[in-house]
Amino acid sequence: MDVMKLMMSDYNVETINDGLNEFNVEFHGPKESLYEGGVWKIRVELPDAYPYKSPSIGFVNKIFHPNVDELSGSVCLDVINQSWSPMFDLLNVFEVFLPQLLLYPNPSDPLNGDAASLMMKDQKQYDQKVKEYCERYAKKENIMNSKAKEESEDEDVTDDESGSSDDEIAGHADP
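For clarity, every value in this text was computed on a predicted model and none was experimentally measured.

According to UniProt, the positions carrying the feature "active site" (unreviewed entry) are C76. With respect to the helices and strands, the residue C76 is situated in the loop between β4 (56-59) and α2 (78-81). Residue C76 is classed as buried on the basis of its relative accessible area of 17%. For C76, the contacting residues outside a window of four places in its chain are N67, N81, L101, D109 and L111.

Right under this line is the structure:
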C-alpha cells in the first residue's frame, strides 16, 4: 500500500488513531529555495476511494506562501485538487508536488492573498517574510509538540551524546 511505501522511505510518518487513512508526515523545505531548512508537519487524509480520489493535504504549522491558506494550512495545487490520477502516489506528493509548489509559487491563484500580493509587489519583502515564518514556525521543535512526551527520553539520550547537559539547556531561552 501507498502509506507503507511512504513509511519505508526516508519520511517520518506519524499515524493518527492507529489507522492508515490519517497521518502526519515530516516535510523539509526543498534545497535552494526560500523554504530550505524549514520543517513542516503535513497532515494527510486519505478518502475511502483513494487512490482514485486525491488525498487531502495540509500544513499543520504555519507557512507563508501564496498557495497555502495561512489559517487552515490547506494547499492549492492543481495536481492534487483537480488533475489527480491513480497513477500518482504519496511519494509523488512529497518528492515532487510539494517541493514544486514551494519552489514555484503561483500568486495568480492564491489561497493567501497577502502572500500573493506581497510577492507581486515587493519580492524582497516577500522573501524576507517567508524566511521569518520559517524561523518562527518551521523548526523541528514546532512539529514535535504532539510527540514531545513520547520522545523526551530519546532527546535526553541525544543531548547526553552531544556532550551538553540539562543545566546548559535550561539556561538558554528559546530563539
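The discussion continues.
So, about the nonpolar core. F94 and L98 are the most contacted members of the largest nonpolar core, which has 39 residues in total. Counting residues per element, the ones that place at least two in this core are α1 (2-8), β2 (22-28), β3 (39-45), β4, α2, α3 (90-103), α4 (113-121) and α5 (123-137). Examining the composition of this core, we find that eight residues originate from one element, α3, more than from any other. Leaving out residues up to four positions away in the same chain, L98 has contacts with F27, I42, I57, F59, V75 and V93.

So, on to the packing of aromatic side chains. Inspection of every chain in the model, using the stated rule, returns ten aromatic pairs. Where F64 meets Y133, the ring centres are 5.2 Å apart and the plane angle is 45 degrees; that geometry is what we call tilted. Here F64 is found in the loop between β4 and α2, whereas its partner Y133 is found in helix α5, with 69 residues between them in sequence. Of the two residues examined, F64 and Y133, each falls in the buried class. Among the aromatic residues, those joined into a cluster by ring pairs are Y50, W84, F88 and F97.

Thresholds, definitions, all that
- Residues numbered from 1 in each chain as written.
- Predicted model: local features only at pLDDT ≥ 70, side-chain atom pairs only at ≥ 80, totals over all residues.
- Heavy atoms only, no water.
- UniProt positions renumbered as here; feature names shortened; annotations may be inferred.
- Helix = DSSP H or I, 4+ residues; strand = E, 2+ residues; numbered from the N terminus.
- Buried < 20%, exposed > 50% of the residue type's maximum accessible area, 1.4 Å probe, protein only.
- Contact = heavy atoms within 4.5 Å.
- Core = buried A, V, L, I, M, F, W, Y, C linked by side-chain atoms within 4.5 Å.
- Phe/Tyr/Trp six-rings, centres within 6.5 Å; stacked < 30°, edge-to-face > 60°.

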